[in-house]
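# Secondary and tertiary structure notes
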Amino acid sequence: MDWQVFWTAVLAAIPAGTPYLYATLGEIYAERSGILNLGVEGMMIMGAVVGFGVTLSTGNPWLGFAAAALAGALLALIHAFVSITLRANQIISGLALTMFGLGLSGLLGRRYIGTPLPVRVREVPIPILSDIPLVGDLLFNHDPIVYLSFVLVPVLGFLLFHTRLGISIRSVGENPATADAMGVNVFRVRYLCTVWGGVLAGIAGAYLSIVYAPAWIEGMTAGAGWIAIALTIFALWSPYRALVGAYLFGGVKVLQYRLQPLGVSPNLLNTLPFVLTILVLLMATGEVRRRRIGMPAALGIPYSREER
Amino acid sequence: MTEKKRLSRRDFLKKAGIGAAAVTLAACAPQQTPTPQPTPQPEAKEKKLKAAFIYVGPIGDYGWTHAHEVARRYLEERYPWLETTYAESVPEGDAMRFIDRYIQEENADIVFTTSFGYMDDTIRAGEKYPDKIFFHCSGYKRRQNVGTYFAELYQLFYLNGLMAGALTQTNKVGYVAAHPIPEVVRHINAFALGVREVNPEATIDVRWLFSWFDPAKAREAAESLIATGVDALTFTEDSPTVIEVGQEYTEKGQPVYTFGHYSPMQQFGPDSVVSGRLVRWEVIYEDILAKVYAGVYTPENLADVDYWWMLKEKTVELGGEFGVPINPKFEDALKAKTVNDPLLGEISVYDLIFERLKAMSEPTVVFDPFTGPIKDQNGNVRIPEGRRATHDELWTIDWFVEGIVAEIPR
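Conventions used here
Residues numbered from 1 in each chain as written. Chains lettered and ligands numbered in written order. Predicted model: local features only at pLDDT ≥ 70, side-chain atom pairs only at ≥ 80, totals over all residues. Heavy atoms only, no water. Helix = DSSP H or I, 4+ residues; strand = E, 2+ residues; numbered from the N terminus. Buried < 20%, exposed > 50% of the residue type's maximum accessible area, 1.4 Å probe, protein only. Contact = heavy atoms within 4.5 Å. Areas by Shrake-Rupley, 256 points an atom, 1.4 Å probe, with all protein chains shown as cover. Phe/Tyr/Trp six-rings, centres within 6.5 Å; stacked < 30°, edge-to-face > 60°. Salt bridge = Lys/Arg side-chain N within 4 Å of Asp/Glu carboxyl O. Expected span 1.5 Å × (residues − 1). Bend = angle between axes of the 7 residues up to and from the residue. Polar contact = N/O pair within 3.5 Å; in protein donor to acceptor, adjacent residues only side chain to side chain. Axes fitted to C-alpha atoms, helices over the stretch in contact; angles between N-to-C directions. Left-handed = near helix turned anticlockwise from the far one by under 90°. Nonpolar A, V, L, I, M, F, W, Y, C, P; charged D, E, K, R; others polar. Domains from an automatic or database assignment. Buried area = accessible area lost by both parts, 1.4 Å probe.

## Focus: the overall build of chain B
- A count of helical and extended segments in chain B gives 14 helices and 16 strands.
- Here chain B, with 410 residues, has 58% of them falling under the buried criterion.
- In chain B, the proportion of contacts linking residues at least 24 apart, taken out of those at least 6 apart, comes to 68%.
- Here chain B displays about 16900 Å² of accessible surface, and carbon together with sulfur accounts for 52% of that area.

What follows is the structure in structure tokens.
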């Protein structure tokens, strides 16, 4: 593989990895607050179909993204209500959300199949900076949603690790009883984080249908939501590491077609992202054990004041 | 544009069948206002034909199913004696249920099944309903009441190949392909034959999507081809994605030439689309339905009825839009490049394209791209000198011609 092929693969990895990045950032916040949401795939696909539909009917992709964020948030709200207020099993609720999202989006999206969008979200090269060789193309020649993710990563990282709000979120995820005693409103923090996760998952899905494809295809997330959940673990619940993981998977995705001429079976190449998922999880689990950090201690455990 | 062209044709037909149309309109109109009408033609009212269409995909705005639907609408308007019904997105294993419904509940006389995967169900339906007529699109199994039909594009792929070969600056041409089946392999070969005829230096690379419709994958595949230096691209996929990629690169100052597939797609890449392939299914449907209506086709005599229609029958048309065989933006470049043809002498590629188009459109089809000697990728002569590939050879082709640098996945 020559330099040109390699370099364009690196450049293509960023937009390809952007949906993973948004979804993973959202799941990191939900899990940091102690809520495991396996409904990422469902929230993403609903974001994709709602975002596409609204963009199609209004001609405004930003309204499409807003509607997708709202759709993701509403779905996440269901999960929040079931797992925080009703204290039900989070795994089952999350799986149900995924199935619900996949089914409903298929129904809603039937009429959008094969319909082109009237508008496009294009790259906006940043003046001067985009002229820098290599770095310019790598960082400063993208669409606005990619730029937003560049900003979101440090902002969300800072918020989580260096602010009062971040301490509240993390303490709720580690030890909700203590946090509660310290005066943190456990329920409010968990609700907020779960819904925020839905907002980002919705945007992730809409990026696929409005910017990346751009088209509506039934089941178009094709497991991206599950990869985001694996990436959350790989990232050790840190937004910064999520960036690395997301682009790694974006890179694998675009490599598929660049490796085809080498004679590798295309069917085998299609399994690459999932093989990588397993590898990444193995690595992450090893690291969690070694460094004794990682999973929020109260992840997946419903909190009840009476049981304090 | 599509509509313009269709309208003019429609107008002509309307003049021809205006009396009959008036009768049907009157029959359909609400009955409370009886207006005086010319004497109705009795036979137009008496004998009606009901045709059902089974589609594999959603109709959408372009692509395979859409092209069939355009034909269905056109014919329903054209023939007052014709009534149609259709079902979209019918899974390939589920055709029988729909055929049962159309025949038992809606009394359809003829059923068109428009996907390869419906083949066995269509034959079974033919056995179950021996007094009904069935037509299966793109298959090879027939019986006394089941015929087959297909609008074949390889001649157009060849013509597009001539253009791609003349326009490429890098001598690298790409093809984003759906599935490794004979139909697609034949089209890649025809395209490659065109490319190499005017540019023996050029190579043709292929990426396989393993999907008939997946814009995201088509984009990744197209970009990966461009990354290897490809600057002319065509495809088999049901969306204009490859064209949009070509247009984006062209706008950024890196020209990528593309060719539309199945539907008018020039609008998606006005600076990138050179030409393309268009299908008029209505030509075939018209012939079938008129013959069924006239009693030429009966449930007893279809065992050898196989439509394999191309340019000669005007079932397919060259262009990125109906009536625009070559985007005017590329005319000069195609006129500037000349080649030496053994029969035509020194000739510009532009003229060569129209010579070939004319030759393939003639009733005797005096030219065929699959005329020997044709070698495969390993240099073995597959079609000997002076012989044309037969229908069966083309129908089952599973090897690539010389110049293609990709492999067919097994």
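Don't stop here, the text continues.
## Quick word on the packing of aromatic side chains
Residue and element names in this part refer to chain B.
- The full count for this structure, using the stated rule, is 39 aromatic pairs over all chains.
- A centroid spacing of 6.3 Å and a plane angle of 45° characterise the contact between F116 and Y140, whose relative ring orientation is tilted. Pair noted here: F116 is in the loop between strand 3 (110-113) and helix 6 (119-128) and Y140 is in the loop between strand 4 (133-137) and strand 5 (146-151), with a separation of 24 residues, a long-range link.
- What makes F116 partly exposed here is its relative accessible area of 43%.
- By relative accessible area, Y140 is classed as partly exposed at 47%.
- Relative to F259, the ring of F191 has its centre 6.1 Å away and its plane inclined at 70°; by these criteria the two rings are edge-to-face. Of this pair, F191 sits in helix 8 (residues 182-198) while F259 sits in strand 9 (residues 257-262); the two residues are 68 residues apart in sequence, bridging distant segments of the chain.
- Since its relative accessible area comes to 0%, F259 is described here as buried.

## Some details on the pattern of salt bridges
All names here are of chain B.
- All told, the structure shown has 29 salt bridges over all chains when counted by the stated rule.
- Salt-bridge contacts for E69 lead to R73; the nearest nitrogen and oxygen are separated by 2.9 Å. Of this pair, E69 and R73 both sit in helix 4 (residues 64-78), separated by four residues, roughly a single helical turn.
- Among the residues examined, E69 registers a relative accessible area of 1% and is labelled buried.
- Among the salt bridges present, the one from D341 reaches R356, with a minimum N-O distance of 2.8 Å.

## A short note on helix 6 (residues 144-162) of chain A
Residue and element names in this part refer to chain A.
- Here helix 6 contains 19 residues, and its C-alpha end-to-end distance of 27 Å stays within 8% of the 27 Å for a straight helix at 1.5 Å per residue.
- The sharpest bend along helix 6 reaches about 25° and sits at L152, with the proline P154 one to four residues further on.
- Listed in full, the buried residues belonging to helix 6 are I145, V146, Y147, S149, L152, V153, L156, G157 and L160.
- Of the residues flanking the start of helix 6, the one acting as N-cap is D143, its side-chain oxygen 3.1 Å from the backbone nitrogen of I145.

## Topic: the packing of helix 7 (residues 154-167) of chain B against helix 8 of chain B
Residues and elements named next belong to chain B.
- For the pair helix 7 and helix 8, the least separation of the axes is 6 Å and the interaxial angle reads 35°. Our pair here, helix 7 against helix 8, has a crossing hand that is right-handed. Residues Y154, F157, Y158, N160, G161, L162, A164, G165 and A166 of helix 7 pack against R186, H187, A190, F191, L193, G194, V195, E197 and V198 of helix 8.
- Tallied by class, the residues present in the contact of helix 7 with helix 8 amount to eleven nonpolar, five polar and two charged.

## Description of the domain arrangement of chain B
All names here are of chain B.
- On domain assignment, one finds that chain B holds domain 1 (40-151 + 281-309) and domain 2 (154-278 + 315-395).
- Distance from the C-alpha centre of domain 1 to the C-alpha centre of domain 2: 31 Å.
- Across the boundary between the two partners, domain 1 contributes 16 residues, which contact 14 residues of domain 2.
- Interface of domain 1 and domain 2: buried area, both sides summed, is about 1300 Å²; carbon and sulfur atoms make up 67% of it.
- Run the count over domain 1 and domain 2 and you get zero salt bridges.
- Seen at the junction of domain 1 and domain 2, the total is three residue pairs in polar contact (both at pLDDT 80 or more).
- Of all the secondary structure elements, the ones that give two or more residues to the side of domain 1 that touches domain 2 are helix 4, strand 5, helix 11 (281-293) and strand 11 (306-309).
- Looking at the side of domain 1 that touches domain 2 residue by residue, the classes come out as eleven nonpolar, four polar and one charged.

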